[in-house]
Amino acid sequence: MTADTGAASAAPMKSNDRRLTYEEFERYSRQMIVPGMGKHGQLRLINSRILIIGAGGLGCPAAQYIAGAGVGTIGIVDGDTVEISNLHRQVGHATSRLGWKKVDSLIAHLKDINPLPNYIPHPFHLDPQNAADIITQYDLVMDCTDNPATRYLISDVCVLLRKPLVSAASVQKSGQLIVLNCPPAPQGLVDKKYPPCYRCCFKKPPPPSSMVSCGEAGIMGPVVGMMGVAQAGEAIKIIASALHLPPSSTNDLTAPIPERNLQQPTLLIYTYDLESAVGPYSFRALRMAGRRKNCFACGENSTLTLEGIKTGNPNYVTFCSPPTTDHALPPEDRITASKYHETRARGELPAHLLIDTREKEHFSFGAIDGAINVPFGRFLMNAAAIKRDGGPPDQILPAEAALGDDTPIFVVCRRGLDSQETVEKLKELGVDHGGKRKIMDIVGGMKAWKDEVDPTFPFV
Ligand SMILES: [Zn+2]
């Protein structure tokens, strides 16, 4: 063989200018001949350290390609265990590994693909106390998580430690991808030509009512898979082309950033609609602005520090104020699932309307006898229209429910949040006829129904 392969037994050296081992040459030859990669791009991958945060629907496909491409050190952070409902999309796990820690399951799979990288498990969730200590060990971070608080935490730490961040997200039928902080300019060095951080692009988290995780909203495997693969593609490109580094090979991050590395940041959006005809394939690329002068994390007056993050400043949970089940409805407007069931079974409940505000797909798996499906999203739109245009308040109620003025209404949803908002909105619209009609929330929704009344209920 005349190629630059070196001896098969030689231990790889940590240099971007060494010979490849025979196995490395054989394993990576198909990607090394792609224009722009070559031996030097491959060695940069072999000598790099990438951290994948989240071993789920994004992290699994991302990790497969990162491992396959030969990234030398791959860290994986996740505190969860493999569940059967993960497997339709989390392709790095397996039925035979149900109950395993996700990091261990994914690493077992990756070692099968490529035993050469050094795999580092971090079998816990990333939090403000451990984030900097973990992230500092790597050259590039891939955000494959599914909650806003962690996204802001990861981005903030990447700004302070000057790590490029490849961030993706996917819920239900859409996904998005953006490369942030790459190349990583120092905190406070503000110029629009420098790349943004997550906070520059998404100044505020989405409102709590719109925050749903994959478990709540559902998710399509190919959609999240596509975003994870695209994430791997960007990470490989950044490392192999040294797009995150100054022009010299000294890794001196204070050296000027070459113009070619300062490209317009772009947000890739993929949408996929099961209810539409075949195609059109919907990819959109939105051009994003660069660094924001007044950004909380990277802006010129930023007071964000690693020490602050560790000691609870900022408070990521409060900032993202996730929905809680502890809502403001007074106790007289609420009834537990078991009490509703018992009083109804004893015939002590007057004739009433039972509204189930889950989406129709959830409702189709099963519901309480006699419940009428009024999906929450459509309910909110109808409520807004009545408020805007006027009309009798009872118009919001399903037409098939012929009700007297004082017929009580019970509202149930999936976990007991939407139902409370529905009760509030119905009262706001005057559907309670000045207190004549009782409108009650069933506490904890169909989850509570399953826990308290019917353990066989197919709750999804
Ligand atoms: Zn910023």
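Residues numbered from 1 in each chain as written. Predicted model: local features only at pLDDT ≥ 70, side-chain atom pairs only at ≥ 80, totals over all residues. Heavy atoms only, no water.

The name that an unreviewed UniProt entry assigns to the protein is Adenylyltransferase and sulfurtransferase uba4, with the source organism given as Echria macrotheca. Among the UniProt annotations of the protein, the heading Subcellular location (unreviewed entry) holds the following wording: "Cytoplasm, Cytosol". Taken verbatim from the UniProt record of the protein, the Sequence similarities (unreviewed entry) comment is "In the N-terminal section; belongs to the HesA/MoeB/ThiF family. UBA4 subfamily." (UniProt positions renumbered as here; feature names shortened; annotations may be inferred.)

The next subject is the UniProt feature "binding site: Zn(2+)" (unreviewed entry) in the protein. As recorded in UniProt, the sites labelled "binding site: Zn(2+)" (unreviewed entry) are Cys197, Cys200, Cys295 and Cys298. Their sequence span is 102 residues, while the largest C-alpha to C-alpha distance among them is just 8.6 Å; these annotated residues converge on one region. Position of cysteine 200 among the secondary structure elements: in helix H7 (residues 198–201). With a relative accessible area of 11%, cysteine 200 lands in the buried category. Sequence-distant contacts of cysteine 200, defined by excluding residues within four places in its chain, comprise Gly290, Arg291, Arg292, Cys295 and Cys298. Of note, cysteine 295 is situated in the loop between strand S8 (282–287) and helix H10 (306–310). Setting aside its immediate chain neighbours within four residues, cysteine 295 contacts Cys197, Arg199, Cys200 and Ser302. (Helix = DSSP H or I, 4+ residues; strand = E, 2+ residues; numbered from the N terminus. Buried < 20%, exposed > 50% of the residue type's maximum accessible area, 1.4 Å probe, protein only. Contact = heavy atoms within 4.5 Å.)

Attention now moves to the nonpolar core. Soluble globular proteins tend to bury their nonpolar side chains together. With 39 residues, the main nonpolar core has Ile50, Ile52, Ile66, Ile76 and Met142 as its most contacted residues. Where this core is concerned, the elements lending two or more residues are strand S1 (49–53), helix H3 (59–69), strand S2 (73–77), helix H4 (102–113), strand S4 (140–143), strand S5 (165–171) and helix H9 (221–240). With nine residues, H9 is the single largest residue contributor to this core. The residues contacting methionine 142, other than those within four sequence positions of it, are Ile50, Leu51, Ile52, Ile53, Ala62, Ile66, Val166, Gln231, Ala232 and Ala235. (Core = buried A, V, L, I, M, F, W, Y, C linked by side-chain atoms within 4.5 Å.)

In a perfect tetrahedron of four donors around a metal, the angles come out at 109.5 degrees. In a perfect octahedron of six, they are 90 or 180 degrees. Listed as protein donors to the zinc ion are Cys197 (SG), Cys200 (SG), Cys295 (SG) and Cys298 (SG); their distances from the metal cover 2.2 to 2.3 Å. Coordination at the zinc ion is tetrahedral: its four donor atoms span angles of 96 to 120° at the metal. Along the chain, the residues donating to the zinc ion are arranged with the sequence spacing C-x2-C-x94-C-x2-C. Residue cysteine 200 is located in helix H7, and its partner cysteine 295 is located in the loop between S8 and H10; the two are separated by 95 residues in the primary sequence. Cysteine 295 gets classed as buried once you look at its relative accessible area, which sits at 2%. (Donors = N, O, S within 2.8 Å, 3.2 Å for Na, K, Ca; no water. Tetrahedral: all angles 85-135°; square planar, octahedral: opposite > 155°, others 65-115°.)

Before going further, it helps to spend a moment on the packing of H3 against H4. Between H3 and H4, whose axes approach to 9 Å, the crossing angle comes to 30°. Read as a crossing pair, H3 and H4 show a hand that is right-handed. The segment H3 lies against H4, with Gly59, Cys60, Ala63, Gln64, Ala67 and Gly68 engaging Leu106, His109, Leu110 and Ile113. By residue class, the composition of the contact of H3 with H4 is six nonpolar, four polar and no charged. (Axes fitted to C-alpha atoms, helices over the stretch in contact; angles between N-to-C directions. Left-handed = near helix turned anticlockwise from the far one by under 90°. Nonpolar A, V, L, I, M, F, W, Y, C, P; charged D, E, K, R; others polar.)

On to the environment of glycine 75. By the secondary structure assignment, glycine 75 is in strand S2. According to the relative accessible area criterion, glycine 75 is buried, its value standing at 0%. Linking glycine 75 and arginine 49, residues 26 residues apart in sequence, is a C-alpha distance of 7.6 Å. Beyond its immediate stretch of four places on either side in the chain, glycine 75 contacts Ile50, Leu51, Ile52, Ile120, His122 and Tyr138.

Within helix H1 (residues 22–32), the full set of buried residues consists of Glu24, Tyr28, Ser29 and Met32. Summarising the axial view, the buried residues of H1 lie within an arc of 155°, below the 170-degree limit, and thus occupy one face. Among the structural elements, helix H2 (38–46) and H3 are those in contact with the buried residues of H1. (Arc of directions from axis to C-beta.)

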